[in-house]
Amino acid sequence: MKLILLGPPGAGKGTQAKRLMEAYGIPQLSTGDMLRAVSKSGSGLGNEIAEIMKTGALISDDIIIKMIAERLDDADCQNGFILDGFPRTEAQAAGLDRMLADKGMALDAVIELSVDVNALVERITGRYTCAKCGAGYHDAFQKPKIEGVCDACGGTEFTRRADDNEATVRDRMRVYEEQTKPIIPHYEQQNMLKRVSGMADIDVVTASIKTILDAVH
Ligand code: AP5
Ligand code: MG
C-alpha cells in the first residue's frame, strides 16, 4: 500500500498515519517528523531548519526531495509507505513522480483530509506528544486514559511543538493554501484523489480511509 495523506495543518495526517501504519504494517514517512529530528541534532543545518519551521515557512524542495528519495530506498518501504506532509509543492509532486518511476513504484491512493478551518487552530494549540515515544494527544479531544501518563509507554513527560501557536498556525494554513493546494489537480487528473472528511471522530475517519484503501489495493 503506497499512499499520500494530504491536508492542512491539524487535519489529522499524523494521527491517521500512525493508525494506518499499524493496520497495514507499513511505515509513516512524515517529513515534519524527519525535519524535527534533524533540527534537534544541533548541527548547522539543524539550526537553520529549526528557525524556518518556527515561522511556518517551507524547507527547500531540494532538501526534502533528497530526504524522501533516500528514505524510499530503505527495506521497510519496499512493500509500501504512508507519505505524511509530502509532497507539499508542485516541485515536490514532480520530484515524487520521478523517484517513483525510477524505483518502479506506483501510488495506490492520495487521501485528502478536508476540515473546517475554524477547527484547526483549536486542534493544533491543544496538541501535545509523549516525550519518550511520540504518541500524540490533545487537551480536549484525545486525552491519555490516566492524566499525565502516556497510554502507549507509561511516560510522564510531554512536549509541545515550537510551531504550534496560533500565529504560526495561521501562517502554516496560508502556506498550505498557496503552495500545497495547487498540487491537488495533479492527483485528480491521475484519478488518484479521494476526499475524506477529517471532521468526524478519529475512529470514523480511520474507518473511512480503510474502506477506500481496501477497495483500491
Ligand atoms: P508538519 O509536521 O507536516 O506539520 P503540518 O502539515 O502543519 O501538520 P500537522 O502535523 O500540524 O497536522 P496533522 O495533520 O499531522 O494533524 P495531527 O494528526 O497531529 O510540518 C511542520 C513544518 O515542517 C512545516 O511547517 C514546514 O516548515 C516543514 N515541512 C514539513 N514537511 C515539509 C515539506 N514536505 N516541504 C517543506 N517543508 C516541510 O492532529 C492535530 C491535533 O488534532 C492532534 O492533537 C489530534 O489529537 C487532533 N485530532 C486529529 N484528528 C482529529 C479528529 N478527527 N477529531 C478531533 N481531534 C483530532
Ligand atoms: Mg503531523
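Presented here is an overview of the structure given in this document. (Residues numbered from 1 in each chain as written. Chains lettered and ligands numbered in written order. Predicted model: local features only at pLDDT ≥ 70, side-chain atom pairs only at ≥ 80, totals over all residues. Heavy atoms only, no water.)

Let's shift gears to the overall build of the protein. Scanning the protein for helices and strands turns up nine helices and eight strands. In terms of overall dimensions, the protein is globule-like: its C-alpha atoms have a radius of gyration of 17 Å, near the 17 Å expected for 217 residues. Here the C-alpha coordinates of the protein stretch approximately 45 × 40 × 35 Å along the principal axes. When burial is assessed residue by residue, the protein has 44% of its 217 residues classed as buried. Partitioning the intrachain contacts of the protein with sequence separation of at least 6 by distance along the chain shows that 69% fall at a separation of at least 24. Total accessible area on the protein stands at roughly 11,000 Å², and carbon and sulfur atoms take up 50% of it. In the protein, 26 side chains carry a positive charge and 32 a negative one; their mean positions are 2 Å apart. (Helix = DSSP H or I, 4+ residues; strand = E, 2+ residues; numbered from the N terminus. Rg over C-alpha atoms; globule rule 2.2 N^0.38 Å. Buried < 20%, exposed > 50% of the residue type's maximum accessible area, 1.4 Å probe, protein only. Contact = heavy atoms within 4.5 Å. Areas by Shrake-Rupley, 256 points an atom, 1.4 Å probe, with all protein chains shown as cover. Lys, Arg positive; Asp, Glu negative; His and termini not counted. Charge placed at Lys NZ, Arg CZ, Asp CG, Glu CD.)

Looking now at the environment of Thr 159. Within the secondary structure layout, Thr 159 lies in strand β7 (residues 158-159). Accessibility expressed as a relative area gives 40% for Thr 159, which makes it partly exposed. Put simply, Thr 159 and Lys 132 are 27 residues apart on the chain and 9.5 Å apart in space, counted from C-alpha to C-alpha. With residues near it in sequence (within four places) discarded, Thr 159 still touches Tyr 128, Thr 129 and Ala 131.

What follows concerns the packing of aromatic side chains. Scanning the entire structure with this criterion turns up three aromatic pairs. Arranged with centres 6.0 Å apart and planes meeting at 80°, the rings of Tyr 137 and Phe 158 form a pair that is edge-to-face. Here Phe 158 lies in strand β7 and Tyr 137 lies in strand β6 (residues 136-138), a separation of 21 residues in the sequence. Under the relative-accessibility criterion, Tyr 137 is labelled buried at 6%. (Phe/Tyr/Trp six-rings, centres within 6.5 Å; stacked < 30°, edge-to-face > 60°.)

The local shell around ligand 1 holds 36 residues, among which Thr 15, Ala 57, Arg 88, Arg 127 and Gln 142 are the closest. The contact in question runs from an oxygen atom of ligand 1 to an N or O atom on the side chain of Arg 172, over 2.7 Å. Bound to the protein, ligand 1 loses 95% of the 1,000 Å² it would expose on its own. Mapped onto the shell around ligand 1, the elements with two or more residues apiece are α1 (13-24), α2 (31-40), α6 (117-125) and β6. Among the elements that make up the shell around ligand 1, the one with the highest residue count is α2 (four residues). For the shell around ligand 1, a count of residues per class yields 15 nonpolar, twelve polar and nine charged. (Near = heavy atom within 4 Å. Polar contact = N/O pair within 3.5 Å; in protein donor to acceptor, adjacent residues only side chain to side chain. Nonpolar A, V, L, I, M, F, W, Y, C, P; charged D, E, K, R; others polar.)

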